[in-house]
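Chain by chain, the residues:
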Amino acid sequence: MKGLRDVFYIAEKELRSYFVSPIAYVVLTGYTVLTGWFFFNLLMQFNRMVNMYQMFRRQDIVTQMNLNEMVMTPLLYNMTIVLLLMIPLITMRLFAEEKKLRTEELLLTSPVSINGVVLGKYLAGLVFFLLMLALTAIYPYILFVYSNPHPELGPILAGYLGLFFLGAAFIAVGLFASSVTENQIVAAVICFVTLLLFFIVGWPAESVGTTGGKVLEYLSLIEHFTDFSKGLIDSRHVVYFLSFILFALFITKRSVESMRWR
């Protein structure tokens, strides 16, 4: 129980520090504005296509047009791109700020274990990310209230679950990046480059042969997100994300432990 209390104590401390600085409000506002703009454009494009086919009296095509496929799925993909930019901003300070302020010694010599420190900071980032996701729930809500027929709820929930796993993996990488430097900008760049690499690693899959292509596709974070965005929940993708997160947290713990010997 003490270990769990330590995790929550560290998480609460980090969450408070988020909201006493401008970074939380800048990230939340920026994420909401960007995703809102994407949603607006996708919805306007959908409406234009509906009006065009209705004008040509092609009601058969209109009835086949799907809000999930034409609005929500592209929106979820666009949200992953925005997360590539935003996650480094919310994770860059988690350990780097401790190093810059020279408070890491107090943290590492406190009664809180290394596991508690790492998990607490990770939990803080995860809670902040959940708040970001909660703000975007207004978009499917608008579709359910004002559209007829309504979109399907199942694929939307699956897509958000995939987005949660993807964001959780991003935060784990950002936490590690923050643990290896005292410069927050450097931490953000390391996080962004690493995430971008895992984002695009599957692109040349068709050019490197069958075996190499499968390996690259398996390593790609976005490849594992794709089925979620289509409403499919596959245990293989869940295992991949959990393994990715645990590995990133493990090397973060090793990185933090090495501070004691410097």
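Refer to the structure presented above.
This one's a predicted model, so the numbers in the text were calculated from it and none came from an experiment.

(A) Structural context of helix 9 (residues 153-179). The terminal C-alpha atoms of helix 9 lie 39 Å apart, and with 27 residues this matches the ideal 39 Å at 1.5 Å per residue to within 8%. A large share of helix 9 lies buried, amounting to 20 of its 27 residues.

(B) Molecular detail of the packing of aromatic side chains. Overall, the coordinates contain 14 aromatic pairs when judged by the stated rule. Each ring, one from Y240 and one from F241, has its centre 5.7 Å from the other, and the planes form 70 degrees; the classification is edge-to-face. Judged by its relative accessible area of 6%, Y240 is buried. Overall, the relative accessible area of 0% leaves F241 in the buried class. For the pair Y240 and F244, a centre-to-centre distance of 6.0 Å together with 40 degrees between the ring planes defines the contact as tilted. With Y240 and F244 both in helix 13 (residues 235-259) and four residues apart, the pair spans about one turn of that helix. Ring pairing ties together the aromatic residues F164, F165, F198, Y218, F228, Y240, F241 and F244, which thus form one cluster. Of note, R93 hangs over the ring of Y18, and the distance from its end group to the ring centre comes to 5.3 Å. Directly above the ring of F95 sits K121, whose terminal nitrogen or CZ lies 5.1 Å from the centroid.

(C) Spotlight on the packing of helix 4 (residues 67-91) against helix 9. Running from N to C, helix 4 and helix 9 point in directions that differ by 15 degrees, and their axes come no closer than 9 Å. Classed by the angle they form, the pair helix 4 and helix 9 counts as roughly parallel. Helix 4 and helix 9 meet at a crossing whose hand is right-handed. Judged by residue contacts, N68, M72, L76, M79, T80, L83, L84, I87 and T91 of helix 4 engage P155, I156, G159, Y160, L163, L166, F170, I171, G174, L175 and S178 from helix 9.

(D) Quick look at the environment of S207. Relative to the helices and strands, S207 is located in the loop between helix 10 (184-200) and helix 11 (210-219). Classification of S207 as exposed rests on a relative accessible area of 67%. Taking the C-alpha atoms as reference points, S207 and S229, separated by 22 residues in sequence, lie 25 Å from one another.

(E) Region of the structure containing helix 4. Taking 1.5 Å as the rise per residue, helix 4 with 25 residues should run 36 Å; its terminal C-alpha atoms sit 34 Å apart, in good agreement. Along its length, helix 4 shows its largest kink, about 35 degrees, at L84, and proline P88 lies within four residues downstream of that point.

(F) Focus on the environment of F244. Judged by its relative accessible area of 12%, F244 falls in the buried class. C-alpha separation for the pair F244 and A169, spaced 75 residues apart in sequence, amounts to 6.6 Å. When neighbours within four sequence positions are excluded, F244 is seen to be in contact with A169, V173, F198 and L221.

Cut-offs applied
Residues numbered from 1 in each chain as written. Predicted model: local features only at pLDDT ≥ 70, side-chain atom pairs only at ≥ 80, totals over all residues. Heavy atoms only, no water. Helix = DSSP H or I, 4+ residues; strand = E, 2+ residues; numbered from the N terminus. Expected span 1.5 Å × (residues − 1). Buried < 20%, exposed > 50% of the residue type's maximum accessible area, 1.4 Å probe, protein only. Phe/Tyr/Trp six-rings, centres within 6.5 Å; stacked < 30°, edge-to-face > 60°. Lys NZ or Arg CZ within 6 Å of the ring centre and 35° of its normal. Axes fitted to C-alpha atoms, helices over the stretch in contact; angles between N-to-C directions. Parallel < 35°, antiparallel > 145°, perpendicular 65-115°, else oblique. Left-handed = near helix turned anticlockwise from the far one by under 90°. Contact = heavy atoms within 4.5 Å. Bend = angle between axes of the 7 residues up to and from the residue.

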